[in-house]
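The lines below spell out each chain.
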Amino acid sequence: MSVFDRFDPLTKEYLTELRSKGILHFEEDPVVDVFKMRENVYSIYSRSPGAGGDAWMHLVIGPEKAMLIDTGFGIGDLKALVEKLTDQPYYVVNTHFHGDHSQGNYQFEEVYCQKYDVEGLMAQMNPEVRECFQPKEDSYYTAADVVPYKEYKVIGVEDGYVFDLGQGHTIELIHLPGHAPGGCGFIDPVNRILFSGDAVVSTPVLICGDASSNLHSEFMTVAAFGTQLEKLTAKLDQFDVLYPGHAILEYPKSSVTDMLQACREVVADPDSFTEINSTGRIEEAKLKIVGLASFAYTDDRVR
Ligand SMILES: [Zn+2]
């Protein structure tokens, strides 16, 4: 049993339904599934090459500029796909530095992230790390699909940084640490979506394991996550649904207040977990579930 077992059937059910409504495939990048979610929002589904779960990337096309949120595993020609979907210049941003969201950065000249993930991204920018994301032999991919290593510029920005897509369409970065020190979401008030990365997902968020080797480890805690979720609740009138980096899209925004409640309860009493289970990464973690939100944590990551 793992903390994910009870959530995986729901993800499968959602994906089956989403696929039944129509998948787009483009010859520019045939290894991903593209879904047109709104008139100007595409969600791009990338299968895991073996490290990390299948991941979402999202493209928002504004009046003058577009924004690519996350770049996935770096398999397939994402750049060609983006430039097929829009003629606009575009920002490339990462919700956090983890490789299932950032290994495609090698195709781009510059990538934005929250400033506490700059060091994490710089550490990922390494030919040896790139090797870890090579497809396994029985993978859906071939070696020819793999994007080659290339250096790029990392731009770290503050909590509250605003990206301007033109004619009043702005997207605000909100720092959502805990899973990663510079984890963040992007609020798009025009489409009324919070792109939430791995911070609020329909499956358990992992806030567990020794974080002492990470820079900014003070942001790797349930308490730091809760502090920022509190700020996010002041902006609940700007979005209706969440588009996370994995699993279910169009996830209800009540998951944000559920997550805040879960954080508060665990900070007040680290033993207020729902069950103890394995995360797959580490033997045992505590799983906390409140409504639509859940996270797996270890005691060293509470405060
Ligand atoms: Zn992830």
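Definitions and limits used
- Residues numbered from 1 in each chain as written.
- Predicted model: local features only at pLDDT ≥ 70, side-chain atom pairs only at ≥ 80, totals over all residues.
- Heavy atoms only, no water.
- Helix = DSSP H or I, 4+ residues; strand = E, 2+ residues; numbered from the N terminus.
- Buried < 20%, exposed > 50% of the residue type's maximum accessible area, 1.4 Å probe, protein only.
- Donors = N, O, S within 2.8 Å, 3.2 Å for Na, K, Ca; no water.
- Contact = heavy atoms within 4.5 Å.
- Pairing = 2+ DSSP bridges.
- Axes fitted to C-alpha atoms, helices over the stretch in contact; angles between N-to-C directions.
- Left-handed = near helix turned anticlockwise from the far one by under 90°.
- Nonpolar A, V, L, I, M, F, W, Y, C, P; charged D, E, K, R; others polar.
- Arc of directions from axis to C-beta.
- Expected span 1.5 Å × (residues − 1).
- Disulfide = S-S within 2.5 Å.
- Salt bridge = Lys/Arg side-chain N within 4 Å of Asp/Glu carboxyl O.

**Student:** Hey, could you run me through unusual backbone geometry in this one?
**Tutor:** Glycine aside, negative phi is the norm for most residues, and most peptide bonds take the trans geometry. Phi angles above zero are rare outside glycine, and Asp 70 is one such case at about 75 degrees. Its place among the elements puts Asp 70 in the loop between β4 (66-69) and α2 (78-85). Taking relative accessible area as the criterion, Asp 70 reaches 2% and is therefore assigned buried. Although it is not a glycine, Glu 250 sits at a positive phi angle of roughly 60 degrees. Assignment of secondary structure puts Glu 250 in the loop between β13 (241-244) and β14 (251-252). A relative accessible area of 31% means that Glu 250 is categorised as partly exposed.

**Student:** What is the right way to read the coordination of the zinc ion from this model?
**Tutor:** Around a metal, the ideal angle is 109.5 degrees if four donors adopt a tetrahedral arrangement and 90 or 180 degrees if six donors adopt an octahedral arrangement. Only Asp 100 (OD), His 101 (NE2), Asp 198 (OD) and His 246 (NE2) from the protein coordinate the zinc ion, and they sit 2.1 to 2.3 Å from it. As a motif over one chain, the donors of the zinc ion read D-H-x96-D-x47-H. Of the two residues, His 101 sits in helix α3 (residues 99-102) while His 246 sits in the loop between β13 and β14, which places them 145 residues apart along the sequence. Residue class for His 101 comes out buried when judged on its relative accessible area of 0%.

**Student:** Can you walk me through the side chain of Ser 196 in this structure?
**Tutor:** The topology assignment puts Ser 196 in strand β11 (residues 193-197). Setting aside residues no more than four positions away along its own chain, Ser 196 makes contact with Cys 184, Gly 185, Leu 242, Tyr 243 and Pro 244.

**Student:** What exactly am I supposed to notice about the sheet that holds strand β17 (residues 293-297) here?
**Tutor:** Strands in a sheet are paired, the pairing made by backbone hydrogen bonds, and the direction either parallel or antiparallel. Taken in spatial order, the four strands make up an open sheet running β12-β17-β16-β15, and their pairing is mixed. The outermost strands of the open sheet, each flanked by one partner alone, are β12 (205-207) and β15 (275-277). Pairs of neighbouring strands in the sheet enclose a mean axial angle of 30 degrees, with direction left out of account. Pairing of β15 with strand β16 (residues 285-290) involves three bridges; the strand directions are antiparallel. Along β16, the bridge assignment pairs Asn 277 with Ala 285.

**Student:** Hey, could you run me through the packing of helix α6 (residues 222-233) against helix α7 (residues 254-268) in this one?
**Tutor:** Helices that pack against each other are described as a pair by the angle of their axes relative to one another and the distance between those axes. The N-to-C vectors of α6 and α7 enclose an angle of 145 degrees; their axes lie 9 Å apart at closest approach. Judged by the twist between their axes, the crossing of α6 over α7 is left-handed. Every residue of α7 that contacts α6 at Val 222, Ala 223, Phe 225, Gly 226, Leu 229, Glu 230, Leu 232 and Thr 233 is listed here: Val 256, Thr 257, Met 259, Leu 260, Cys 263, Arg 264, Val 266 and Val 267. A per-class count over the contact of α6 with α7 returns eleven nonpolar, three polar and two charged.

**Student:** Help me out: how do you make sense of α2 in this one?
**Tutor:** Think of an α-helix as 3.6 residues a turn; residues three or four steps apart then line up on the same face. Every buried residue of α2 is listed here: Leu 78, Leu 81, Val 82 and Leu 85. Buried positions in α2, seen along its axis, are confined to an arc of 100 degrees and lie on one side of it. Buried residues along α2 sit against β1 (33-38), β2 (41-46), β3 (55-61), β4 and β5 (90-93).

**Student:** Explanation requested: helix α1 (residues 8-20) in the structure shown.
**Tutor:** The end-to-end C-alpha distance of α1, which contains 13 residues, comes to 18 Å, matching closely the 18 Å that a straight helix rising 1.5 Å per residue would cover. Of all the positions in α1, only Thr 11, Tyr 14, Leu 15 and Leu 18 are classed as buried. What you see down the axis of α1 is that its buried residues fit within an arc of 95 degrees, all on one side. Facing away from the buried side of α1, by more than 90 degrees, are the exposed residues Lys 12, Glu 13, Thr 16 and Ser 20. Among the residues trailing α1, Gly 22 stands out with phi positive, at a value near 125 degrees.

**Student:** Looking at this model, I keep getting lost on the state of the cysteines. Mind explaining?
**Tutor:** What makes a disulfide is a covalent bond joining the sulfur atoms belonging to two cysteines. Inspection of every chain in the model, using the stated rule, returns zero disulfides. Looking at Cys 184, it has no disulfide partner, and the nearest cysteine sulfur is the one in Cys 113, 7.5 Å off. No disulfide involves Cys 263; its nearest neighbouring cysteine sulfur is the one of Cys 208, lying 13 Å away.

**Student:** When you look at the pattern of salt bridges in this model, what are you seeing that I'm missing?
**Tutor:** Side chains that carry opposite charge are capable of pairing whenever their charged atoms lie near each other. Under the definition given, this model contains 17 salt bridges. A salt bridge links Asp 271 to Lys 286, with the shortest nitrogen-to-oxygen separation between them at 2.9 Å. Taken as a pair, Asp 271 in the loop between α7 and β15 and Lys 286 in strand β16 lie far apart in primary sequence, 15 residues in all. Residue Lys 286 is classed as buried on the basis of its relative accessible area of 10%. Linked by salt bridges that have partners in common, Arg 19, Asp 33 and Arg 47 make up one network.

**Student:** For this particular structure, what's the right way to read the environment of Glu 64?
**Tutor:** Note on placement: Glu 64 falls in the loop between β3 and β4. In the structure, Glu 64 is positioned 25 residues away from Pro 89 in sequence and 7.6 Å away in space, judged by C-alpha atoms.

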